[in-house]
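Listed here are the chains, written in short residue letters.
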Amino acid sequence: MKRAGRIIGALLAGILGFLIAAAPAWAALDRTAAKDYSNRYSCNSVQCRNGAYKDFGDSDCTNFVSQTMKAGGIVQYDAFWPWQREWYYSSSTNYSGSWVGVSKFVDFMLGERGATYVSPSSMSARYTPASIGDVYMYDWGRGAGWSHLSTSPGFGTFPSYYDSTYAKNYNTVTGGTGDYLNQHSRDRYHAPWNWGYWAERDSTIRAKMKTLVVHIP
């Protein structure tokens, strides 16, 4: 009986060790590295894309945010167990849905990385609770739900960039200073974090817009 108990104990220890080895080894987000990457590959009026990744054109927002997270040291993970969420990019034909999809990306960060939601005081606020490297998630108020992500590179004075589509300059928003965003899809560099809100001309739609900060621990 003692021998059987030792065998069972050894088997259980081996299984536990295997489960631990199969689990991802998380590292803290390097916020400076994430910021530096997002600044390098974002710009205004043109597209700034890293050729090492597939370009998703006007649907590149989550791809860009994922790249920023990877640059900041967030470990990619191809799930070993079926109940685990995954997040990875191997090639232009091999990547997870969470690498490129808004809701799946956020689900991974909340479920596996321990991220949390924080709400800005309002869509018109100058500053938010975001830390450098955190992620902004947007609902544009047109019935599509949460459909866009950008990343926070900090705060400061907005650049003088006139967006002819909206006939508005970045530096006309909230006195010309506030929290920045960097993003892809329509590429933007150091734009106001709530640019979409201020650029929207329809007050009914603007009233429906929502943003959450996804805080990456």
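Scroll up a little and you will see the structure.
Notes on the structure follow. This structure is a prediction, so every number in the text was calculated from the model and none was measured.

Another point: the pattern of salt bridges. Counted under the stated rule, the structure contains 10 salt bridges. Of the charged contacts, one joins Asp107 and Arg85 as a salt bridge, the two residues approaching to 3.0 Å between their closest N and O atoms. A residue pair is termed long-range when its members are at least 10 positions apart, and Asp107 in helix α5 (residues 102-111) and Arg85 in the loop between α3 (61-71) and β1 (89-91) qualify at 22 residues. By relative accessible area, Arg85 is classed as partly exposed at 31%.

Moving on, we come to unusual backbone geometry. In the Ramachandran plot, Ala167 falls in the positive-phi region, its phi being about 50° despite a non-glycine side chain. Checked against the element boundaries, Ala167 lands in the loop between β7 (162-163) and β8 (168-169). Assessed through its relative accessible area of 48%, Ala167 is described here as partly exposed. For Thr174, which is not glycine, the phi torsion reads 45° and is therefore positive. Checked against the element boundaries, Thr174 lands in the loop between β8 and β9 (177-183).

The next point concerns the environment of Tyr117. With respect to the element layout, Tyr117 can be found in strand β3 (residues 116-118). In this structure, the C-alpha to C-alpha distance between Tyr117 and Leu212, residues 95 residues apart in sequence, is 6.3 Å.

Here we take up the packing of helix α2 (residues 31-40) against α3. The interhelical angle for the contact between α2 and α3, taken along N-to-C directions, is 140°, at an axis separation of 7 Å. One element, α2, and the other, α3, form an angle in the oblique class. Remark: the crossing between α2 and α3 carries right-handed chirality. Only Phe64, Gln67, Thr68 and Ala71 of α3 make contact with α2, whose side of the interface consists of Ala33, Ala34, Tyr37 and Ser38. Of the residues assigned to the contact of α2 with α3, the class counts are 5 nonpolar, 3 polar and no charged.

Criteria and cut-off values
- Residues numbered from 1 in each chain as written.
- Predicted model: local features only at pLDDT ≥ 70, side-chain atom pairs only at ≥ 80, totals over all residues.
- Heavy atoms only, no water.
- Salt bridge = Lys/Arg side-chain N within 4 Å of Asp/Glu carboxyl O.
- Helix = DSSP H or I, 4+ residues; strand = E, 2+ residues; numbered from the N terminus.
- Buried < 20%, exposed > 50% of the residue type's maximum accessible area, 1.4 Å probe, protein only.
- Axes fitted to C-alpha atoms, helices over the stretch in contact; angles between N-to-C directions.
- Parallel < 35°, antiparallel > 145°, perpendicular 65-115°, else oblique.
- Left-handed = near helix turned anticlockwise from the far one by under 90°.
- Contact = heavy atoms within 4.5 Å.
- Nonpolar A, V, L, I, M, F, W, Y, C, P; charged D, E, K, R; others polar.

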